[in-house]
Amino acid sequence: MFFEPDRLNFFRPLAGKHRGVVVACVRALYERLHGPSADYGQNLTRDGLRDLLLPVVQESRQVMLAQEEAAADAGLADDDLIPAGADDQQSSSALLRTLLRDGWLETFGDRAGLVTAYRFTRAGKLFAEAFWAIDRRSARTRQRNVRSCRNALNAALRNVDAYDLIDAYDYAEKVISDLSEGVDYFQELVRRLMLEASQTPWDGFMEFLDRFEKEFKKQLTADSIERHRQAIRDVIARLHSLEHDKSQALEDQLNDIARWASQERQGPSTLEWMLDRIEEMVEAACTTKHPELIKAMSVYMQRAASIVQQALMLRGGQTRQAYSVAIGKTAKLSGAAQDALLERIGAAIAPAEIRLLDPAGFKLRSASQRRKALTVTAQPKVTRDARLAAAMYRAEADAFALSNDDIVHRIRAELRLRDRPIRLSTLPVATTTDVLNNMQVVEAVRGARDGRLTVQKLPSKLWNEFYAGDDYQIEMKHDPE
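Residues numbered from 1 in each chain as written. Predicted model: local features only at pLDDT ≥ 70, side-chain atom pairs only at ≥ 80, totals over all residues. Heavy atoms only, no water.

An unreviewed UniProt entry annotates the protein as Wadjet anti-phage system protein JetA family protein of Collimonas rhizosphaerae.

What follows is the structure, encoded as structure tokens:
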């Protein structure tokens, strides 16, 4: 159970008026203990923990005052997390005691330094990671869970290892969460657009372009769920049709290391249930979440383009307003006053240079070109005929690919059998394999690793019904006695 005796008041620090300071301290602790720049070679002692929390409390002093006023207005119950009138040092010590008391932190003995060190509890680490990840949303890297799911399934098929299959299950779950996170991201951008519609949203749009280049571009192309969908189906089908002994071995491993799956499954086989669940999650990501991501991105792009276009039109209207004012003033004047105003306007715009665009130099894209540009990132679907043609091409290429090691082994056997040098013209040409071997034997002998085989070009020529060329003599060097 989550609410064990040591965690009965786990959420109490987040329910009081100082919750913002608590979250900031928890985020700083996670960055120190588990962030990218964490120092794993040195444990966090009490002095180090106090030095870490003190700057956070100092930065949050103004926020604390605003939170106390907001809490008083909202009628929140007062808490004794930070005593009234406490200075920064006392506030950081009070926060430390609270996190220890309510189950966020725990102590352990540092044998190297013979001191008491501090670390997150398991529950504290999970919630601290959530706070840290929310604050670093734009800095998170994309996880290629679609490709990882496919690779894990291939590894499970190749190695007959249940751990690879469990990894594939975890990756399949993260595929949907990644797509859901993308949908939430674009919906948040749309809400921000509506709130800031009076200003041109350049900052948010540039952030989107940067994230699209680093994350969504690959997610929609190289790591698209649609691209790997059929490959994942094929591997799952091959896992379903494993031999009985391999299938039983996987079943036994899963029942041993994944007891949670044995409890959640529906049916007698854990292996079959897990494979079905992976396929269902991939299909759900393809048919539901992936279209939602495309639609959410399209909605944001349309809203952003509309607002930017309106901002440009308003800016253009403001620049044209000066010409309207000048025309109105000129119309009200007459005679010398009008000439003097026009002379001043002419002197002001004299440095301006007007250039006209040649209409033949540019043209707008047609509707078909725009549709093609929108669909260029979508991977084409491979038909059965295309796969068959590719397989035939590979088979034809492999049919004429011979191993040099096999040819050298064959020549050595012939030399031991005949116990004398061999001429290329005396080798048999009864089959296609014999002909291909003979055409490649000189190159294979010259590239042999041990160097015991030698090849010598003869003045005579070789003629047969398949090819014509120089004749060669092949012999083996004998070790000196």
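Picking up where we left off.
Caption draft 1: View of the nonpolar core. By size, the foremost hydrophobic cluster in this structure holds 46 residues, and its most contacted members are Leu153, Leu165, Phe186, Leu239, Met274 and Ile278. With near-sequence residues (within four places) excluded, leucine 239 lies in contact with Leu153, Ala156, Leu157, Leu165 and Leu275. (Core = buried A, V, L, I, M, F, W, Y, C linked by side-chain atoms within 4.5 Å. Buried < 20%, exposed > 50% of the residue type's maximum accessible area, 1.4 Å probe, protein only. Contact = heavy atoms within 4.5 Å.)

Caption draft 2: Spotlight on the sheet that holds strand 1 (residues 44-45). Pairing within the open sheet is antiparallel, and its three strands lie in the order 1-3-2. Both outer strands of the open sheet, strand 1 and strand 2 (105-110), are each paired with one neighbouring strand and no more. Sheet topology places strand 2 next to strand 3 (residues 115-120); six bridges connect them, and they run antiparallel. The partner of threonine 107 across the bridge, within strand 3, is tyrosine 118. (Pairing = 2+ DSSP bridges. Helix = DSSP H or I, 4+ residues; strand = E, 2+ residues; numbered from the N terminus.)

Caption draft 3: Summary view of unusual backbone geometry. Even without glycine at this site, valine 160 takes up a positive phi of about 50°. By secondary structure assignment, the location of valine 160 is in the loop between helix 6 (145-159) and helix 7 (162-195). Judged by its relative accessible area of 18%, valine 160 is buried.

Caption draft 4: Spotlight on the pairing of strand 5 (residues 453-463). As defined by bridge partners, strand 5 adjoins strand 6 (residues 468-476) across eight bridges and the pair is classed as antiparallel. The residue bridging threonine 454 from the neighbouring strand is glutamate 475, located in strand 6.

Caption draft 5: How the structure looks around the pairing of strand 3. Relative to strand 3, strand 1 is paired through two bridges, and the arrangement is antiparallel. Bridge pairing in strand 3 links leucine 44 to tyrosine 118.

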